[in-house]
2 protein chains.
Amino acid sequence: MRAFLLSNSTCSGNTYLNHAKDDLARFLDGIDELFFVPFALADVDGYTAVAARFFAGIGISVTGAHRVSTGLLSQAPAIFTGGGNTFRLVKALHETGRMEAIQQAVADGASYLGASAGTNIAAPTLSTTNDMPIVEPPSFSTLGLVPFQINPHYLDPVPGDTHMGETREERIVQYLEENETPVLGLREGTWLRCEDGRYFLEGMERGARLFRRGAEPAEFSAPAELTSVLTRG
Amino acid sequence: MRAFLLSNSTCSGNTYLNHAKDDLARFLDGIDELFFVPFALADVDGYTAVAARFFAGIGISVTGAHRVSTGLLSQAPAIFTGGGNTFRLVKALHETGRMEAIQQAVADGASYLGASAGTNIAAPTLSTTNDMPIVEPPSFSTLGLVPFQINPHYLDPVPGDTHMGETREERIVQYLEENETPVLGLREGTWLRCEDGRYFLEGMERGARLFRRGAEPAEFSAPAELTSVLTRG
């Protein structure tokens, strides 16, 4: 299984996906076509056009997954799922049979790319999304391409903040009260590259924070190989 | 229907519920017993003890709703649902029949109080919670005591923030792309008091922000009566 899971698609002060452009081009070497999954935003055609402009710059043509049958999607050479609202994305994928079609494509060798909500759905469930549950999907289950949860846009507590909502870490600790699956908090500007069972944390040095039930959170700077910590029982 | 819906239970620099103590005492005048719904936190007995300590200070005894039958809960004189994780709360209420028991109690005249997650569930659905979906409830439907959605802990954008996650307003706009129900964003330190179809915004002056599909958001300082804006078609 090959996947490139970005915390976020646009870094502050930069353009769409530009912070990862060279690495995306290298990851997609030899691929000249991908299907873009736009369902996390309301304007699926407009969103597909944004993705197409970026990927044209690295020699890859883009087709919107909403424009093709599930049969064709399941034979995709590569799939990129964009960010937005995870609940809207997951509802659309389950209700149209595209969740299974993407799983089939990846099982058959398609490279999977995701950003934000698109990275959330690479995990077993949507349960570590940051998004508002604006619609009710038929199930919280997602692609399950990796055996752990990911929290994209991972955010450290802001010193001196007087807002009383839970910090991101407190939310993930609540998740671990109810679930045993570890959670990788990917800070903005980073991504996890997955290559046949090996996991590489890349992008900005600030890296990621790994949460496990019953253990202190662990810090990792990028670049780092996380295979052993992400696959131990 | 009588309800007292707090944005949050603890204000920065204050103790549990103390910012609303006088108003809660006035709202509960003549009531000496309430049932506390603790399911938004994992430690239901510890949480009930926290609530009991506060309400003892205004002469009200507290029983944990997890310690009584749904039949007894449905005859409660007053019910207070505490904050925590909305998904955990809603799952527990649906799976144990307590969602219907609380609805029955309120229909029969019980005063309803909520803070944060407890305020979320007074709306028709949990869809405007800020919480992480750590567990999957059988349904997003909630008590429906009021005909609009509430976003507790409503937070204005922070000037100069470089984090690329959606602002609270952007999340609510996404909700309105998918739903027509208005959303009242209650800033911390405020509450909405509901008295037989009339709605009063009270607490800290910073008040609330009301979002409707197709309209500019509207600002309201506390105190203000919001009956006409919250009930127009």
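What you see is a predicted model; the values in this text were computed from it and never measured. (Residues numbered from 1 in each chain as written. Chains lettered and ligands numbered in written order. Predicted model: local features only at pLDDT ≥ 70, side-chain atom pairs only at ≥ 80, totals over all residues. Heavy atoms only, no water.)

**Topic: the packing of helix α4 (residues 86–95) of chain B against helix α5 (residues 98–107) of chain B**
All names here are of chain B.
Next up, step 1: At a closest axis distance of 5 Å, the pairing of α4 and α5 adopts a crossing angle of 85°. Regarding the angle of α4 to α5, the classification is roughly perpendicular. Here V90, L93 and H94 of α4 come into contact with α5, specifically with R98, M99 and I102.
Next up, step 2: Among the residues making up the contact of α4 with α5, the classes are represented as four nonpolar, one polar and one charged. (Axes fitted to C-alpha atoms, helices over the stretch in contact; angles between N-to-C directions. Helix = DSSP H or I, 4+ residues; strand = E, 2+ residues; numbered from the N terminus. Parallel < 35°, antiparallel > 145°, perpendicular 65-115°, else oblique. Contact = heavy atoms within 4.5 Å. Nonpolar A, V, L, I, M, F, W, Y, C, P; charged D, E, K, R; others polar.)

**Section: the pattern of salt bridges**
All names here are of chain A.
Next up, step 1: Tallied over the entire structure, the rule returns 32 salt bridges over all chains.
Next up, step 2: Note that E195 and R2 form a salt bridge whose closest N and O atoms lie 2.9 Å from each other. With E195 in strand β8 (residues 190–195) and R2 in strand β1 (residues 2–6), this residue pair connects regions lying 193 residues apart in the sequence.
Next up, step 3: The class of E195 is buried, set by a relative accessible area of 19%.
Next up, step 4: The salt bridge partner of R209 is E169, with a shortest N-O separation of 3.1 Å. Linking R209 in strand β10 (residues 208–211) with E169 in helix α7 (residues 168–178), this pair joins segments that are 40 residues apart in sequence.
Next up, step 5: Several salt bridges converge on common partners, so that one network encompasses D156, E169, R187, R209 and E219. (Salt bridge = Lys/Arg side-chain N within 4 Å of Asp/Glu carboxyl O. Buried < 20%, exposed > 50% of the residue type's maximum accessible area, 1.4 Å probe, protein only.)

**A few points about the sheet that holds strand β7 (residues 183–187) of chain B**
Residue and element names in this part refer to chain B.
Next up, step 1: Spatial strand order, β6-β7-β10-β11: four strands in an open sheet with mixed pairing. If you trace the sheet from one side to the other, it starts and ends with β6 (149–154) and β11 (218–220), each paired once. Strand-to-strand twist in this sheet, taken as the mean axis angle between neighbours without regard to direction, amounts to 20°.
Next up, step 2: Direction of pairing for β7 relative to strand β10 (residues 208–211): antiparallel, over a ladder of four bridges. The partner of L186 across the bridge, within β10, is A208.
Next up, step 3: This element, helix α7 (residues 168–178), spans β6, β7 and β10 of the sheet and lies at about 170° to β6. (Pairing = 2+ DSSP bridges.)

**As for the nonpolar core**
Next up, step 1: Judged by nonpolar contacts, the single largest core of 111 residues is most densely connected at Y112(A), L192(A), Y112(B) and L192(B).
Next up, step 2: Ignoring sequence-local partners within four residues, the contact set of L192(B) consists of A3(B), F4(B), L5(B), F148(B), L184(B), L186(B), Y199(B), F200(B), L201(B), L226(B) and L230(B). (Core = buried A, V, L, I, M, F, W, Y, C linked by side-chain atoms within 4.5 Å.)

**Some thoughts on the interface of chain B and chain A**
Next up, step 1: Each partner contributes to the interface: chain B provides 41 residues, whereas chain A provides 42 residues.
Next up, step 2: In total, about 3300 Å² of surface goes out of reach between chain B and chain A, with carbon and sulfur atoms giving 56% of it.
Next up, step 3: Put simply, R88(B) and E178(A) hold a salt bridge, and the shortest N to O gap is 2.9 Å.
Next up, step 4: At the junction of chain B and chain A, the tally comes to 20 residue pairs in polar contact (both at pLDDT 80 or more).
Next up, step 5: For the side of chain B that touches chain A, the secondary structure elements donating two or more residues are α4, β6 and α7 of chain B. (Buried area = accessible area lost by both parts, 1.4 Å probe. Polar contact = N/O pair within 3.5 Å; in protein donor to acceptor, adjacent residues only side chain to side chain.)

**So, the packing of aromatic side chains**
Residues and elements named next belong to chain A.
Next up, step 1: Within the structure shown, the criterion is met by 24 aromatic pairs over all chains.
Next up, step 2: Between F54 and F55, the aromatic rings sit 5.0 Å apart at their centres with planes inclined by 85°, giving edge-to-face as the arrangement.
Next up, step 3: Classification of F54 by relative accessible area gives buried; the value is 10%.
Next up, step 4: Taking the relative accessible area as the measure of exposure, F55 reaches 0% and is therefore buried. (Phe/Tyr/Trp six-rings, centres within 6.5 Å; stacked < 30°, edge-to-face > 60°.)

**Section: the environment of F211(B)**
Residue and element names in this part refer to chain B.
Next up, step 1: Looking at the secondary structure, you find F211 in strand β10.
Next up, step 2: On a C-alpha basis, the gap between F211 and T181 in space is 9.1 Å, while along the polypeptide they are 30 residues apart.
Next up, step 3: Once residues within four sequence positions are removed from consideration, F211 is found in contact with Y154, E169, I172, L176, P182, V183 and P217.

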